[in-house]
Amino acid sequence: MTSDTRDAPEDIGVGRAAENDPDRNGEAGRNALVVVAHHRTDSLTTYTARRAAEQLQEAGYHVDELNLYSEGFDPRMTVEDEPDWDNREKTYSVEVESHMKRLLKADLVVAVFPIWWVHIPAILKGWIDRVWNYGLAYGRSQPRLAGKRMLWLALSSATDDFALDFIRSALDVSLNQGVAYYSGFDFSTVGLLPDSEEHRHRFTKDGTMYIDAASIGAERDEQYRQFHQRAKTTVDEFITATAPEAVSAQFRAGGRP
Ligand SMILES: Cc1cc2nc3c(=O)[nH]c(=O)nc-3n(C[C@H](O)[C@H](O)[C@H](O)COP(=O)(O)O)c2cc1C
């Protein structure tokens, strides 16, 4: 790495504004990418992603469903996909270039995943590390991902407000600010879906976790009715949300978190 052009004030490359991008060949403004990060196809996460995709379709979006596990995405960084700071027009690996096209085509991106250790699963992190690469997601004064909107739909076993506030603020910094706004997205939000497990998880302020007995019968039905309702409302609100100007202006054009 001989020079780093990430802080260059002017775009001296061939950075294309999103609206002029030939890779966005669907109906303008109506393409959604739903990214699923779960190893089981019968998981609550996968089901929630399927429902989100259906909601987007009902709202008139063409949906590209990307299941990182089923498609065999390799989250490990390779030499081919390392950023080359001298060349933001670098051609990355075939796998990464195809994922870049899918990301570029999307107007809305919805990532659906379980919270693992107050963060995203490694396979989703690897997708961001490799695909949201130099020249595409950062390094240009006119971000190629500008105009897009992002929902991070996160399933959490936590139940109480204390734990949820902690998770929400951690994800806000890392995902909204550190990834999406840094990459020029117009809008990004974390939709936290608590109570994803039959065993409710509660925390005390000193960090002790209590795991309740599994909910059964009517109580279990009500728990999951509320869970699915919250997921539906979160996706509906995201579909109709507009970008707050102040946030996008703050992070756009290569701004750093
Ligand atoms: C490795 C691992 C780490 C986890 N870490 C957290 C965590 O930090 N916070 C949390 O609320 N839940 C955590 N969980 C619980 C998962 O979020 C929960 O099992 C998941 O949302 C349930 O959805 P699923 O059935 O689709 O996997 C963790 C689970 C695993 C397996």
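Quick caveat: nothing in here was measured; it's all calculated off a predicted structure.

## A closer look at the packing of helix α2 (residues 94-105) against helix α3 (residues 122-131)
Piece 1. Here α2 crosses α3 at 95 degrees, and the two axes come no closer than 10 Å. Between α2 and α3, the angle is such that the two are roughly perpendicular. Touching E95, V96, H99, M100 and L103 of α2 are W127, R130 and V131, all from α3.
Piece 2. Of the residues contributing to the contact of α2 with α3, the split by class is five nonpolar, one polar and two charged.

## Topic: the site of the ligand
Piece 1. Neighbouring the ligand are 17 residues; H38, T45, V118, S156 and E197 lie closest to it.
Piece 2. Here V118 contributes a backbone N or O atom positioned 2.8 Å from an oxygen atom of the ligand.
Piece 3. In the model, an oxygen atom of the ligand is placed 2.4 Å from a nitrogen or oxygen of the E197 side chain.
Piece 4. A total of 630 Å² of accessible area belongs to the ligand in isolation, and the protein chains cover 73% of it.

## Considerations on a nonpolar patch on the surface
Piece 1. Together, Y69, W116 and W117 line one region of the surface with nonpolar side chains, adding up to about 430 Å² of accessible area.
Piece 2. Residue position: Y69 is located in the loop between β2 (62-67) and α2.

## Some thoughts on the pairing of β2
Piece 1. Here six bridges tie strand β1 (residues 31-36) to β2, and the two strands are oriented parallel to one another. Note on β2: the bridge partner recorded for A32 is V63.
Piece 2. In this fold, the crossover linking β1 to β2 by way of helix α1 (residues 44-58) has right-handed handedness.

Thresholds applied
- Residues numbered from 1 in each chain as written.
- Predicted model: local features only at pLDDT ≥ 70, side-chain atom pairs only at ≥ 80, totals over all residues.
- Heavy atoms only, no water.
- Axes fitted to C-alpha atoms, helices over the stretch in contact; angles between N-to-C directions.
- Helix = DSSP H or I, 4+ residues; strand = E, 2+ residues; numbered from the N terminus.
- Parallel < 35°, antiparallel > 145°, perpendicular 65-115°, else oblique.
- Contact = heavy atoms within 4.5 Å.
- Nonpolar A, V, L, I, M, F, W, Y, C, P; charged D, E, K, R; others polar.
- Near = heavy atom within 4 Å.
- Polar contact = N/O pair within 3.5 Å; in protein donor to acceptor, adjacent residues only side chain to side chain.
- Areas by Shrake-Rupley, 256 points an atom, 1.4 Å probe, with all protein chains shown as cover.
- Patch = residues over 30% accessible without salt bridge, like charges linked within 9 Å, V, L, I, M, F, W, Y side chains within 5 Å.
- Salt bridge = Lys/Arg side-chain N within 4 Å of Asp/Glu carboxyl O.
- Pairing = 2+ DSSP bridges.
- Right-handed = clockwise from strand over helix to strand, strands pointing away.

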